[in-house]
Every structure is written in C-alpha cells, then in structure tokens.
Amino acid sequence: MRYVLRRLGFFALTLWAALTINFFLPRFMPGSPLQALRARTYNKLSPAALEEMLTSFGYKPHENVGVQYLDYLGHMFTGNWGVSIGSALGQPITQIVGQALPWTLGLVGVATVLAFVAGTVIGVVAGWRRGGTLDAILPSVFVVTSALPYFWVGLLLILVFSVWTGGWLPSDFNYDSNLQPGFNPEFIGNVLRHAVLPGLTIFITAVGGWVLTMRNNMITTLAEDYIRMGRAKGLANRKIMYQYAARNAFLPNLSGFAMSLGFVISGAILVEYVFNYPGLGYLLYNAVQNTDYPMMQVLFMLFTVAVLVSVLLCDFATAWLDPRSRAKG
Amino acid sequence: MTALLTTPPAAAAAPPSRRRGAFLRSVLRNRKALIGLVIFGVFTVMAAVPHLFTSVTEPNKLAFPPALPPSGDHLLGTTALGQDIWAQLVYGARQSLVIALVAGFFATVLSVLVGVSAAYLGGVADEALSMVINIFLIIPTFPLIIILATYAGKGTLTVVLIVLVVTGWSYGANQMRAQALSLRNRDFLESARVRGERRTYIILAEMLPTMTSLIVANFLGAALYSVLTAAGLQFLGLGDPNSISWGTMLYWSQNQQALQSGMPLWSIAPGLCVALLGVSFALLNYAFDEISNPALRPVRRRRATA
Amino acid sequence: MRLRKSLIAVLAAGLVLSACSGKSTSSTTTATGGNATGTDGPHKPGGTVTIANTTGQTWPCQFNPFNPAQNQEALGFVYEPLVHVSVVGDSKETPMLATAYKWSADLKSLVFTIRDGVKWSDGQAFSADDVAYTFNLMKEHPALDLFALWTGAGLTGVTAAGNQVTMTFSKPAKPYFYNVADQVGIVPKHIFSTGAAAAKPDTFTNPKPIGTGPFLMGTCGPNNIEYTANPTYWQAGKPYIQKIEYPAYLDNAPANNDLASGKAQWGGQFIPNIKSFYLAKSQDNHTWSPPLLNVGLFPNLDPSHAATSKLAVRQAIAAALDRNQIALIGEGGQQPAANQTGVVIPTFQKYFDQAALTSAGYDKPNADKAKQLLASAGYSPSNPLKLTVISITGYTDWDASLAVVKQQLQPIGIDLTVDDLAQQTFLNKLYTGDFDLAYYSEQNSGPSPYYELRQLLYSKNSAPIGKNASSNFERYHNDQADQLLDQYATADDATQVSIVKQLSALMLQDVPMIPTTGSVDWFQYNTSDILGWPTPDNPYAEPSPYKIPDNEQVMLHLYSKAAQK
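These figures come from a predicted structure and were not determined experimentally.

K.L.:
So what exactly am I meant to see when it comes to the overall build of chain B here?
P.N.:
Counting secondary structure elements, chain B contains 14 helices and 0 strands. Mapped from its N terminus to its C terminus, chain B presents α and β elements in the order α-α-α-α-α-α-α-α-α-α-α-α-α-α. Residues counted as buried form 49% of the 306 residues belonging to chain B. Relative to all contacts within chain B whose residues are 6 or more apart in sequence, the contacts with residues 24 or more apart total 69%.

Following this line, the structure appears as structure tokens:
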C-alpha cells in the first residue's frame, strides 16, 4: 500500500512539474498570444479587436498570473482545453486532438509493438544461439540501424519506394483525399498502404534496441545457476529457452517497453513530419510553427500523462509479478 | 589490504594506466570499435582541416550554377541555390562534431554530478535529486526540445547545445546514481572515510576512477543522442538556417524538395553523414560494453575461420 | 499506382458528368492555355476542378467568413462580395450582389443598389437588410472588422432602405471602396442574428454555410472539402464546373506532385525547379504568377539607428543591389526583380516612371556609385559597416535572397549578418522598430500601387520606437508624402497616376525602403480538360486559389472541355 501511495505521489508531482513548466515557459519567453494573433491576422486588427478576439477564445491577458495559473490547471484536468489560436484559429482543441490521436496511435503504436515483439524474438534467438551465424552478424547490424536518424530512414524509403518507382507506395498523408472514410476494403487498404513507409521507418529504427537489450539480458540470464540446474536436470532445450531464460530476461525489458509505449503519442514527430502524417506529432510541429500556445500546452500535457500512466501501470505490474521490487520501493 | 591503505595514490594511479594499455589493445582487437574509431577519425580530420578535402572556402556562398549533377568539379553536384554539396558536407562536419562532443561532455558531467551526489549524500538530498532525475526522465524530451528551441527565438549553436544538455543528462544520472550506490559501502571508500578524507576527495579520487567505464559509455550515449537530436531539430528548421551543418543541409534540401526534383544527393548525403557519425558512437559504445563485459563478446568460432 | 488510379478517377468524373465518351485528352489543338476573351461565352455544365493549395493543416470544417484562418474556405465560393474589383486587371469591376453604386460629390457617402432575385442557398430571399446587417455586425464586434473599416476607413453608418444600402464615412473614402465592396463577404441575417452565431460571431463554427455563392459546401472531412454547384445560383447557367475538390495538403511537396501529375489542376504555391518539375511534365501545364507587392529591406530610419538613418547608407545599398540576380537565384526566377520606385511591374505598369528611375541612377546596379556613397558615410571595404538584417525562419526563399544580398553588399563595404527569427519574434521586433534592417513585405495588396505605398509611407501607419507600428515599420515621416496620400482619396484617375509617380519620386529621393523582388500570387494551372483560366491577356481576377473572393471569379469562368462535346 505504501508503495502504491509513493508511486501515486510521484505521479502527481511529476505531472504538476510538467504542467508548471508548460505554463511558465511561454510566459518567460519573448512573445505573447496577443502578438501571435496579431501576426496571424497580418496586423490588420486594432489592439482592442485583438483583445476581444483573444477573450472570446478564452484568454484573459489582464488576469493576475496566479489566477491564470489556477485556471489553467483546472482547465487541463477538466478537459476544458480551449480553442486553437494557430492555423486552426477558433477550432476546439479537443476536436483537433480527437481527429489526430487515432492516426498516431494506429501508426506509431502498431509499429512500436511490432518492433518490440520482433526485437524480443530475434534477441532471444540470437542470445540462445550464441556463436551461431545469426549472432555473429545481427548485433552489428542492429547497432547500426538503431543509430540511424529516423527522418533520414524515412527520406531514403521515400526515395526508393516512392520517387524511384513512380509512386509505388504513397509517401504522404493517411489516405487518398478522394476517398470517403468508412469500413470498406478499399478505404482500409488505402490506409494500410499509406502506413507502410512511415511504419517501416519506425520499425527499422526501433527494432535494433530491443534486439540488443534482449540478447544481452538473455546471455546474462543464461549464465545464472538455475539455468545450469535446468540443463543438469535434463530439461528440454525449448523449455529452458522459453520458460526459464526468456521469461526472466524479458522482465527488465518490460519497463523500457512501457516507456516507449508512453512515448508513442509524442515520439514520432519527425516521422509524421517527413510523411505529412496528420497525427499528434504533426500537430505539435504545426502548433510550434504558428505559436499556438493553447495547442502546445495541451499536447505537451498529453504527452507527459501518456508516459506517466504507462510507467505507473508498468510499475504496478512489475510489483505484482515480482515481489522483490516492492521492497526496493 | 594494508598496502592499499598505505599507498592509495599509487594504487589509484597504477591500475588505470595498466588498464588503459589493455583497453587500447582490446579496442584495436574489437572490430566494431575499430570501425567506429575510423569513422570518427575521418570526420575529425574533416572538421579540423576541411580545406584538405575541398577547394571551396565559403561553402554557403552561391558560387556555382544551381542544380548541377555530380561531376569531377562537384563530386556531389550543386544545390538548387548553387552551392557545392560536397564542400557543405565537409564543412558541416565541424558543427555536428562540436555538438556531439560538447553536448555529450556537459550532459555527462551533469549526470555524474547529480547522480553521484545523490548516491553519496543519501537521505533527503537523494530523495530530492532522484525525484528531479525521474521527472526529467519522464517528461517527453523531443517535444520539450522543440518548444524550448522555438521559444528561444532562434536556434543558434548555444541554444541548441543548452537544450541538448538540459534534456540529455537524466538517463545517465540514473545509471550513475545506481552504480555509485553500489559502490558506497565498498571497503575502499569506507577506509577513505575512516582516514578522514574530505568528501570531494573521496568522490573525485576514489569513486570516479572506478566508474570510468560507465562514464565513457555514458558520454558515447549522450553524444549519439546529441547528434541525432540536433540533426532532427535543424531538419525541422529550428536551428540557424544560415549555419553550415548537416542538419541545416537537410532542412534546405527538404524545403527545395530535393528528393522530388532530381537532387536526391543533396538530401541523402548529409543524412548519411549524420547516420555514420551516430553509428560510430553506437559502435564504440557497444564495443565498449563488450570489452567491459566479456560475456557479451561474439564467440570466435574456429570452425568458421578454418 | 496511386497517382494513376486517382487520375483516372478524376477523368472519369468529368466523363460521367458530361454524359459523353471519347478521347478527351488527346485533342490538344485548343489546349494552348489560351482562353482568349472569346471563350467566355456560355458553356455546357460539367467537370471537376481539384485544387492543390498547401494549407499546412487538415480542414477544420468550419466556414466562418469572419475568421481569418478559415475564410479562405468560405469566401468567394459560398459568400459573395458586393462588387468584384480585379487587382491585376487594372481595377476592372464586376457587379456581384450590388448591381450599381454611386458616390456622393464629397466622396463621404456611398449608395449600393442591391441585386434583386438572389436567394440564399436555404431558399430564403437575399435583401439589402443582409448587407446592412453584415457591416453593422462588424461594428458591434471589432474582431470581425478585418479591414478596420469602422476604425481606420472612417465608416460611420450603414443603413438599408428598399433595395439600397447607404454607407456614410467621416472622410472621403474612395480608396476604401476595394475593402468595402470586394473584401467583405455578405452573410445571411437570418442565420447570423440567432443562436451561436449571434452570441459569438467571431468564434461561430458555421459547419453548414448558407451563402449566395455559386457553390455549396457538399461534404467536408479533415482530408477533403467537396463543393458542389449551387443549382439555384442567381447567374443562370453558371457555374459550368459542377464540383470542386479541395484536398488538405500539409506540405508543398505532395501538392506539387499532384499538380505535376495532373491530378490537381489549380495550384497556388511555390514549385522549386518549376520548369523541369512541372512545366516539362505536360504541355497542358502552365504558370502565371503576377507580382502584387514588393519584398525588400526595411531600414530603420529612427535617428537612434545611426547607420540606417543615414541617407547615404541607404542610397549605397539601393545602388549596389543587383535585383535581377536576387530574383534569379534567391527566388529561382519565379518572383521578378523589383525596382526602387516601389511600383510593382508589370502589374501596375501605367503608374511606373522609368525616366525617374533612370535619372535617379537606380535602373541598374552601380557598385562604384555605391562605394562612393558609402565612403561619404565613412565606411569602406577596409572599414566595413556591420549591419544585421532580421528575417523569418522558414522563409527559405528569403534566406536565399538575403544570401545573395549579403554577397552583393560585401564588395562595397557592408558586412551583412542575417538573423533568422521565429515569426512571432520577428514581427514583434518589426512592429516595435527593434531592428537595423528587416526583410519583409507589406501584407495587403490593392488594385493600385497606392495601397502598398500608403502602408509603407503614411506617417499615421507609423509609431514611435517601442510602440507597434501598423505598416510603416521603417518609421518614415514626410509631410509631403502624407499630403499626397490624403489627396489621393479625392483625386480623379489621371491625378491618381500622377500622385503615385510623385510618391515614387520620394521613394527614389529618400530611399525609405529598398525593394528587391516582387511578391507574387502563386498560380499554376492545367488545361487538359479545364479551360477559362485567368492569363496575362485576360487578367479578370487574381489567379491564386487562396485569393478571396477572386477564387469565385475564376470558378465562374472555368469550364470543362470534355463537357462541351
């Protein structure tokens, strides 16, 4: 119980810290929403009109900072996120985020899970077959792929599969704009085709890390006494590999996986940018380009909450699976 | 035991020098490390004496006809604005290397400082510092970097460096703290305390040398992170677009749609350089891991070589 | 594969609508991009136009004509102005919702006669009341008054009586006719006086716009807006084109790809390497991007900025620049060179004073003269003047132009540093006068050079350093300029030309701003099926798809070749 409370306390404190950074950062930096809006309207409006516009968009420029801060914290928790003051001026942020979220979750989430599963399997096999051909080549290959810049892999894939092949695979957007969304084979197929290149980009750059850590965990685990014991007892190799070694080697990777799931909604900004994929990462880039403060604040808050929640869940899961970690607190 | 007690300086000095020799040998014997070192070496030479590689002295000057294909005069052709791509590549090495080394260095220093002090001080100080480390670990870094860089107004080298250090130290600090914690109650530190040495002395002269391998690994990791992140930032246009660096080249080529308008080298070449520099750090890091943890080394198979 | 499939889909749509088959794309005889004025006659309906215009975001599906971020999707196609004024076509006027208008003798009162028989797309009748309501709504909510009609133009009242709307002004307001008649889209009173629209007209989302225009918003999703022809449009037989597809493009690259492949026929953004990337792909691909404004260096004229407030320094810069080279390299030859008179040519040719430009010595770059001028200010290549110019991050063509400028100024003894700033930071510095040199362009074009020169030179558009200037960022104060600009409001056409020429003389004499290149309306079009585009010979409207309400005029002229068979 004490453990749970401690973790929840940490959760609250981190969230508060992130939200506070998020609130004060724009206010310490040059510029203001008023100026952002002035720029947006090409300096055509009078200051009074600009203020009226800001006020109707939910901003209170003359309010005391303390009051603004409390208001802001309240709004973040109640989902009263206001409206964009950037390129989608006037559009409710919940609506914008709601449109973008499924695409990011679908693309980045699936690619991350696939990379983790594939990486883990390859890592287990490589660690198990130490000294095999696989193990001689794979680590070097994956050291290289895991150090490649995301966006460059994306550019390469576009060049090879889209530019050189005359548009064999689509290199931008989530589906052809002449299609109406719906649950029909044509639309779903189109969505999948559009997801291939960006998904592959994430997969290629993410899989290496999982392979390497899994292989190393596997090797360390295989040296443990209980494995030798198992071998001495004459257990089947398969059984040792999957039920004894892989399981235990897998546990430390779980928390890493939880973190990366949390980073799913924010982690692929560059990929979404390269492929013009209309997800949350692209939204953030766009918000930054247009100094859309409310948008940036909401996105940053969401990104932090996502990581926190997944880390928290993973902590509880680990504590439940492995009593030792509870003691460490 | 007594020998150790009476001659700590010699003992502290001697093993590292011996280790260093051995380390060098094992690096040279490790193929990954060797490849990493060679790539790094080539880029270092490029950064130090760019004029050995190209006759162009002002790579950003619009000195040539635009969009030339690769030729003897222009190894990789020219940009849509009329700059020599090869020359930009050569001169771009400097900034990427500086970012990698400087940001890597300061991030490592910060992680050592925070991590080791947390572990050594213990108690409330440790609680507080761990909390800070954990918060920085969890806050999504790349979005934060983008927001910071935007608010800072313009992405000069200093801004990019500061942002990288601020966001890049926490992972290492966590590891430092863990290792320092495991060292805390070792005999040689206990004995130093008994001798009445000052804290700073104990940390600097006793603890840090034993953590060298972790520190080096951390530096390499931070350098890799800095190279990739800085290139990403510049690619998005959050760097200084008039500077000469690989990330900036990527930004310009992307804006001029180099891939689609028949100048793919403009885009692919700087990306490859970023990738190569990243790979060199990753290879060194991995090789370093293998050297300090022999269990991970590839098994040499006689069958295959015979 | 994707491209080919979509291309077929677009062609098929055209064929089905025209209820006719045949090899429509093979006949190239009439596809010369030419649409001589003779082709403007009645055409059979049919065809689809796809627009490729980068907006950088997915569609919000809101159509509030008062929201500056969304009115591109609503004005023109759905909401119409009173009178269309062609900025590129020598101010040629086309009556839209007003059939006629009349100024009072003192030019302080303007009476519009409102068109009869127009219906809103929900069937209700359109009337003069709607017009008066639209303008009064802007008075009540200053945030809607995007052209500062009630504050800047001196509008004091708008009333409707019968089929007439009378506008009264506190001063002669002829120059504001363009804003009043062309730039404001008329909205239905019966919608905007009730519910959410009445409570907060500035944030009203207006998902189903009701207008008088030639198109109805058919379906809207984040990725595409489809407009369909308004069957009850008041111009019988129009529009010819039955459907507009307006996909959202997040980046120029995909939009340009769709243009190059012919999937989209109407483009509105910069295409790098346009010759090989677009024009060479098909003989049906054309481009015409007319310049409307100047881009250039704004020197800070305030005495606190020692170097740039010196006339000799500004003259030296103006004399040293090779504007053709800046246009050629920096803008890839796609924005033309500007000139020191501040009159954009060829768009405003009749106001241009070549003789004055030549006699002032700014007709071609003159490095020797520049050196002498700079020497008189105390600088030389051995003792260079260090200047910083601020620019906006992400405007890569401007960065490239500035790289050329820097290179051109170096030999005469000016060491230029380019400082790229985030847009907001840049604008803040620009508005408050915190710069030596700024690279920028005035934002609002109008049907004559007067509109730009007023923004640039009128002292009321300036402000002391530290306060926000609205458009006279360089802080130019000249009583003669103010008088000329004031006179323009009541002048006849010939006098207006002479006033602009006198203002040009001030540009040459005082060098308050140093134009480098033109700022154009980006426009690319494909004539394989769609004809009737605006061209230099028939400049009936500003051609960019993002130019409102000119987009309506373009759509009213376009027709499908396949549908004519």
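The structure having been displayed, the exposition proceeds.
K.L.:
So what exactly am I meant to see when it comes to the overall build of chain A here?
P.N.:
The helix and strand tally for chain A stands at 15 helices and 0 strands. Seen through its C-alpha atoms, chain A measures out along the principal axes to roughly 85 × 60 × 35 Å. Within the span of chain A, comprising 329 residues, buried residues form 47% of the whole. Intrachain contacts of chain A at a sequence separation of at least 6 include 72% that bridge at least 24 residues.

K.L.:
Sorry, what's going on with unusual backbone geometry here?
P.N.:
As a rule of thumb, non-glycine residues mostly have phi less than zero, and peptide bonds are mostly trans rather than cis. All names here are of chain C. Residue Pro 239 is bonded to the preceding Lys 238 through a cis peptide linkage, with omega at -5 degrees. Position of Pro 239 relative to the elements: it lies in the loop between strand S9 (224–229) and strand S10 (243–247). In this chain, Ile 548 is followed by Pro 549 through a cis amide linkage whose omega measures 0 degrees. On the secondary structure map, Pro 549 appears in the loop between strand S19 (530–531) and helix H18 (550–557). Not every positive phi belongs to a glycine, and Asp 90 is a case in point at roughly 55 degrees. By the secondary structure assignment, Asp 90 is in the loop between strand S2 (83–86) and strand S3 (92–95). By the C-beta count within 10 Å, which is 13 here, Asp 90 ends up partly exposed.

K.L.:
Teacher, can you tell me more about the environment of His 190 of chain C here?
P.N.:
All names here are of chain C. Assignment of secondary structure puts His 190 in helix H5 (residues 189–192). Judged by the 15 C-beta atoms lying within 10 Å of it, His 190 falls in the partly exposed class. For the pair formed by His 190 and Ile 412, sequence separation is 222 residues and the distance between their alpha carbons is 65 Å.

K.L.:
Any chance you could explain helix H7 (residues 157–168) of chain B here in plain terms?
P.N.:
Along an α-helix, residues three or four positions apart point the same way, because every turn accommodates 3.6 residues. With 12 residues, H7 of chain B should reach 16 Å at 1.5 Å per residue; the first-to-last C-alpha distance of 16 Å fits that figure. All of the buried residues in H7 of chain B are Val 160, Val 163, Leu 164, Val 165, Thr 167 and Gly 168 of chain B.

K.L.:
It is not clear to me how the sheet that holds S9 of chain C should be interpreted in this structure. Could you clarify?
P.N.:
Through backbone hydrogen bonds, the strands of a sheet pair up, either in parallel or in antiparallel fashion. Residue and element names in this part refer to chain C. Across the sheet, which stays open at both edges, the 7 strands sit in the order S8-S9-S10-S1-S11-S18-S12 with mixed pairing between neighbours. Two strands bound the open sheet, and with one partner strand each, they are strand S8 (215–221) and strand S12 (285–287). Both strand S1 (residues 48–52) and strand S11 (residues 266–267) contribute to a ladder of 2 bridges, which runs parallel. The residue bridging Ala 52 from the neighbouring strand is Gly 267, located in S11. In the packing of helix H7 (residues 252–261) onto the sheet, the strands contacted are S1, S11 and strand S18 (524–526), and the crossing angle to S1 comes to about 145 degrees.

K.L.:
Even after reading the chapter, I still don't get the interface of chain A and chain B, so can you show me in this structure?
P.N.:
Quite often, the size of an interface is put as the accessible area lost when its parts meet. Taken together, the contacts link 47 residues of chain A with 39 residues of chain B. Here the side of chain A that touches chain B gets 8 residues from one element, more than from any other, and that element is helix H14 (residues 293–321) of chain A. Grouping the constituent residues of the side of chain A that touches chain B by class yields 37 nonpolar, 8 polar and 2 charged.

K.L.:
Whenever I open this one, the interface of chain C and chain A confuses me. Can you help?
P.N.:
Each partner contributes to the interface: chain C provides 44 residues, whereas chain A provides 40 residues. If you list the elements that add at least two residues to the side of chain C that touches chain A, you get helix H1 (2–18), S10 and helix H14 (423–432) of chain C. It is H14 of chain C that provides the largest number of residues to the side of chain C that touches chain A, a total of 6 residues.

K.L.:
Got a minute to help me understand the packing of helix H3 (residues 31–48) of chain B against helix H4 (residues 85–121) of chain B in this structure?
P.N.:
When two helices pack together, their arrangement is given by the angle between the helix axes and the distance between those axes. Residue and element names in this part refer to chain B. Axis separation between H3 and H4 bottoms out at 7 Å; the angle between their running directions is 105 degrees. Taken as axis vectors, H3 and H4 run roughly perpendicular relative to one another. Note on element contacts: H4 touches H3 through Val 90, Ala 93, Arg 94 and Leu 97, opposite Phe 43, Thr 44, Met 46 and Ala 47. Partitioned by chemical class, the residues of the contact of H3 with H4 number 6 nonpolar, 1 polar and 1 charged.

K.L.:
Can you walk me through the pairing of S2 of chain C in this structure?
P.N.:
Sheet faces and side chains relate simply in a regular strand, where the side chains alternate between the two faces. Residue and element names in this part refer to chain C. Bridge analysis of S2 against S3 gives 4 bridges, and the strand direction is antiparallel. Each residue of the ladder has a partner; that of Val 83, found in S3, is Pro 95. Count of turn residues in the S2/S3 antiparallel hairpin: 5 residues, of which Asp 90 carries a positive phi of about 55 degrees.

K.L.:
Which parts of the structure should I look at to understand the sheet that holds strand S13 (residues 291–299) of chain C?
P.N.:
Residue and element names in this part refer to chain C. The strand order across the open sheet built from 5 strands is S15-S14-S16-S13-S17, with neighbouring strands paired in mixed fashion. Edge positions in the open sheet fall to strand S15 (414–421) and strand S17 (514–520), since each of these has one partner strand only. When strand polarity is set aside, the average angle formed by the axes of neighbouring strands in this sheet is 25 degrees. Strands in contact with helix H13 (residues 396–409) are strand S14 (385–392), S15, strand S16 (437–441) and S17; relative to S15, the strand with the most contacts, it is inclined by about 165 degrees.

K.L.:
I tried to follow the environment of Val 520 of chain C on my own but got confused; where do I start?
P.N.:
Residues and elements named next belong to chain C. Locating Val 520 in the fold gives a position in strand S17. The exposure class of Val 520 is buried, given the 22 C-beta atoms found within 10 Å. Once the C-alpha coordinates of Val 520 and Trp 288 are considered, the two residues, 232 residues apart in sequence, prove to be 9.4 Å apart.

K.L.:
Could you clarify how one ought to interpret the confidence of the model for chain B in this entry?
P.N.:
For any part of a model where pLDDT is low, the fine detail of the predicted coordinates should not be relied upon. Residue and element names in this part refer to chain B. Looking at chain B, pLDDT values average 81 and 86% of them are 70 or higher. Mean pLDDT in chain B bottoms out at helix H1 (residues 2–6), which sits at 30, and peaks at H4, which reaches 92. Long-range and interchain partners of residues 301–306, a stretch whose pLDDT sits below 50, account for 1 contact in this model, where long-range means more than four residues apart. If you check the scores for this complex, the pTM reads 0.83 and the ipTM reads 0.84.

K.L.:
In this structure, what is going on with the packing of helix H2 (residues 33–40) of chain A against H14 of chain C? I would like to understand it.
P.N.:
Here H2 of chain A crosses H14 of chain C at 85 degrees, and the two axes come no closer than 9 Å. In this view, H2 of chain A runs roughly perpendicular relative to H14 of chain C, as classed from their interaxial angle. Packed against H2 of chain A, whose contacting residues are Gln 35, Ala 36 and Ala 39 of chain A, the element H14 of chain C presents Gln 423, Gln 424, Leu 427 and Asn 428 of chain C at the interface. Taken together, the residues of the contact of H2 of chain A with H14 of chain C break down into 3 nonpolar, 4 polar and no charged.

K.L.:
In this structure, what is going on with the environment of Leu 97 of chain C? I would like to understand it.
P.N.:
Residues and elements named next belong to chain C. Along the chain, Leu 97 falls in the loop between S3 and strand S4 (98–103). Given 25 C-beta atoms within a 10 Å radius, Leu 97 is considered buried. The spatial distance from the C-alpha of Leu 97 to the C-alpha of Val 118 is 8.0 Å, given a sequence separation of 21 residues. When residues no more than four places from it in sequence are discounted, the contact partners of Leu 97 are Glu 80, Pro 81, Leu 82, Ile 114, Arg 115, Val 118, Ile 186 and Thr 212.

K.L.:
Before we go on, may I ask you to explain the pairing of S1 of chain C in this structure?
P.N.:
Residues and elements named next belong to chain C. Counting buried positions along S1 yields 5 of 5 residues, so the element is predominantly enclosed. On S1, burial covers both faces: Thr 48, Thr 50 and Ala 52 on one face and Val 49 and Ile 51 on the other are all buried. In this structure, S1 lies alongside S10, joined through 3 bridges in parallel fashion. Within S10, the residue paired with Thr 50 across the bridge is Glu 245.

K.L.:
Just checking my understanding: could you explain helix H3 (residues 47–56) of chain A for this structure?
P.N.:
All names here are of chain A. Looking only at H3, the buried set comprises Ala 49, Leu 50 and Met 53. With its buried residues spanning 100 degrees around the axis, H3 presents them on a single face. Residues of H3 that are exposed and point over 90 degrees away from its buried face: Pro 47 and Ala 48. On its buried face, H3 sits against H2.

K.L.:
Looking at this structure, I do not really get the nonpolar core. What am I missing?
P.N.:
One broad rule of soluble globular proteins: the nonpolar side chains tend to lie buried together. Judged by nonpolar contacts, the single largest core of 350 residues is most densely connected at Leu 284 and Leu 299 of chain A, Val 227 of chain B together with Val 131, Ile 317 and Ala 438 of chain C. Per-domain counts for this core show at least three residues from each of domain 1 (31–209 + 522–564) and domain 2 (293–519) of chain C. Once residues within four sequence positions are removed from consideration, Leu 299 of chain A is found in contact with Leu 280, Leu 283, Leu 284 and Ala 287 of chain A together with Pro 143 of chain B.

Definitions and limits used
- Residues numbered from 1 in each chain as written.
- Chains lettered and ligands numbered in written order.
- Predicted model: local features only at pLDDT ≥ 70, side-chain atom pairs only at ≥ 80, totals over all residues.
- Helix = DSSP H or I, 4+ residues; strand = E, 2+ residues; numbered from the N terminus.
- Buried ≥ 20, exposed ≤ 12 C-beta atoms within 10 Å, placed from the backbone.
- Contact = placed C-beta atoms within 7 Å.
- Expected span 1.5 Å × (residues − 1).
- Pairing = 2+ DSSP bridges.
- Axes fitted to C-alpha atoms, helices over the stretch in contact; angles between N-to-C directions.
- Nonpolar A, V, L, I, M, F, W, Y, C, P; charged D, E, K, R; others polar.
- Parallel < 35°, antiparallel > 145°, perpendicular 65-115°, else oblique.
- pLDDT = per-residue confidence, 0-100.
- Arc of directions from axis to C-beta.
- Core = buried A, V, L, I, M, F, W, Y, C linked by C-beta atoms within 7 Å.
- Domains from an automatic or database assignment.

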